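Residues per chain are reported as follows:
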Amino acid sequence: YKIKLLNGSIANINNKNIYNINFNETEYDLSKFTTKTITHQKIQEINSLRLLNCLFEHFKNYKKTNKCEERKMKSISQELFKRFVVPMYIFILSLVSSSLVIKPKKNLYAKYYKFSIFILGFMIMIISQISFKFVSETKNLDLIIISFPIIMIFFYYFFLYSKTKFKIKTR
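Along each chain, numbering runs from 1 in the same order as the chain's sequence is written. This being a predicted model, a pLDDT of at least 70 is required before a residue's local features are given, and a value of 80 or more before pairs of side-chain atoms are given or counted; all residues contribute to the totals for chains, interfaces and linings. Remark: hydrogens and water are excluded; side-chain values derive from all non-hydrogen atoms of the structure.

### Brief notes about the pairing of strand 2 (residues 17–29)
Right, so step 1: Pairing between strands is defined by DSSP: at least two bridges between the two strands are required. Secondary structure counts use DSSP, requiring at least four H or I residues in a row for a helix and at least two E residues in a row for a strand, with both numbered from the N terminus. Relative to strand 2, strand 1 (residues 2–14) is paired through 12 bridges, and the arrangement is antiparallel. Bridged to Gly-8 within strand 2 is Phe-23.

### Points about the packing of helix 3 (residues 86–98) against helix 4 (residues 110–133)
Packed helix pairs are specified by the crossing angle of their axes together with the interaxial distance, meaning the distance between the axes.
Right, so step 1: Interaxial angle, 0 to 180 degrees, is taken between N-to-C directions of lines fitted to C-alpha atoms, where a helix line uses only the stretch in contact. With their axes 10 Å apart at the nearest point, helix 3 and helix 4 run at an angle of 175° to one another. Here helix 3 lies roughly antiparallel to helix 4, going by the angle between them. Side by side, helix 3 and helix 4 meet where Tyr-89, Ile-92, Leu-93 and Val-96 of the first sit next to Ile-117, Leu-120, Gly-121, Ile-124, Met-125, Ile-127, Ser-128 and Ser-131 of the second.
Right, so step 2: Classifying every residue of the contact of helix 3 with helix 4 by side-chain character gives nine nonpolar, three polar and no charged. Should an angle lie under 35 degrees it is considered roughly parallel, over 145 roughly antiparallel, and from 65 to 115 roughly perpendicular; all remaining angles are considered oblique. Throughout, a residue-residue contact means that at least one pair of heavy atoms, one from each residue, lies within 4.5 Å. Throughout, the ten residues Ala, Val, Leu, Ile, Met, Phe, Trp, Tyr, Cys and Pro are labelled nonpolar, Asp, Glu, Lys and Arg are labelled charged, and all others, Gly among them, are labelled polar.

### Some details on the nonpolar core
Right, so step 1: We define a nonpolar core as any set of buried Ala, Val, Leu, Ile, Met, Phe, Trp, Tyr and Cys residues linked to one another through side-chain atoms lying within 4.5 Å. For every residue, the accessible area (1.4 Å probe, protein chains only) is compared with the maximum for its type, and the residue is labelled buried under 20%, exposed over 50%, or partly exposed between those bounds. Residues Phe-81, Tyr-89, Ile-92, Val-96, Ile-124 and Tyr-156 are the most contacted members of the largest nonpolar core, which totals 16 residues.
Right, so step 2: It is helix 5 (residues 139–164) that provides the largest number of residues to this core, a total of five residues.
Right, so step 3: Excluding residues within four positions of it along the chain, Ile-124 makes contact with Tyr-89, Ile-92, Leu-93, Val-96 and Met-152.
Right, so step 4: In this structure, Ile-46, Leu-55, Cys-68 and Ile-76 belong to the second largest nonpolar core, which totals nine residues.

### Notes on the packing of helix 2 (residues 73–84) against helix 3
Right, so step 1: As a packed pair, helix 2 and helix 3 sit with axes 4 Å apart at the nearest point and diverge in direction by 30°. For the pair formed by helix 2 and helix 3, the contact residues are Phe-81, Lys-82, Arg-83 and Phe-84 on the first element and Val-86, Pro-87, Met-88 and Tyr-89 on the second.
Right, so step 2: Along the lines of polarity and charge, the residues of the contact of helix 2 with helix 3 split into six nonpolar, no polar and two charged.

### Topic: the pattern of salt bridges
Right, so step 1: Take a side-chain nitrogen of Lys or Arg and a carboxyl oxygen of Asp or Glu: if they are within 4 Å of each other, that pair is a salt bridge. Using the criterion set out here, one finds four salt bridges in the structure.
Right, so step 2: For Lys-4, the salt bridge is made with Glu-25, and the minimal N-O distance between the two is 3.6 Å. Here the residue Lys-4 occupies a position in strand 1, and Glu-25 occupies one in strand 2, the gap between them amounting to 21 residues.
Right, so step 3: The residue Lys-82 makes a salt bridge to Glu-79 at a minimum N-O spacing of 3.5 Å. Taken as a pair, Lys-82 and Glu-79 lie in helix 2 at a separation of three residues, close to a single helical turn.
Right, so step 4: Note on Glu-79: relative accessible area 7%, which makes it buried.
Right, so step 5: Each of Glu-79, Lys-82 and Arg-83 takes part in one network of salt bridges that share partners.

Encoded structure:
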């Protein structure tokens, strides 16, 4: 690549001295310079369906490649984890906080109950962040990490359901 400049001047200012060079025509060879611009999309900007297709292709042809669209599979797995699994932890936290509705019968235990709900919510947030680091280590670990919030949602929902003694009236 070359750039051609016509009828111009170059000014160089050093402390107290000013140098001015006038020219009618000059040409710069830019081929020896490299660009620092991004040549492909960031992984956060890629469509989820493309990332899922890439992940499925990787698992179908596991031995062939560890890259998809010039990206490592670990970064793709972590991005998909952020998009699909982390929102489930938000739902779990809402279920945990809704258990404040269930109050202990004695006020003596109310303080400890609220503190235990706080600790449980805090532990769930820690688990969600720690599990992010272990994504795409092994296939079995991935299945455990992905299924954990789903199982936790069902168990905690049924726990709340049984504690509130909510009954659906049937005929």
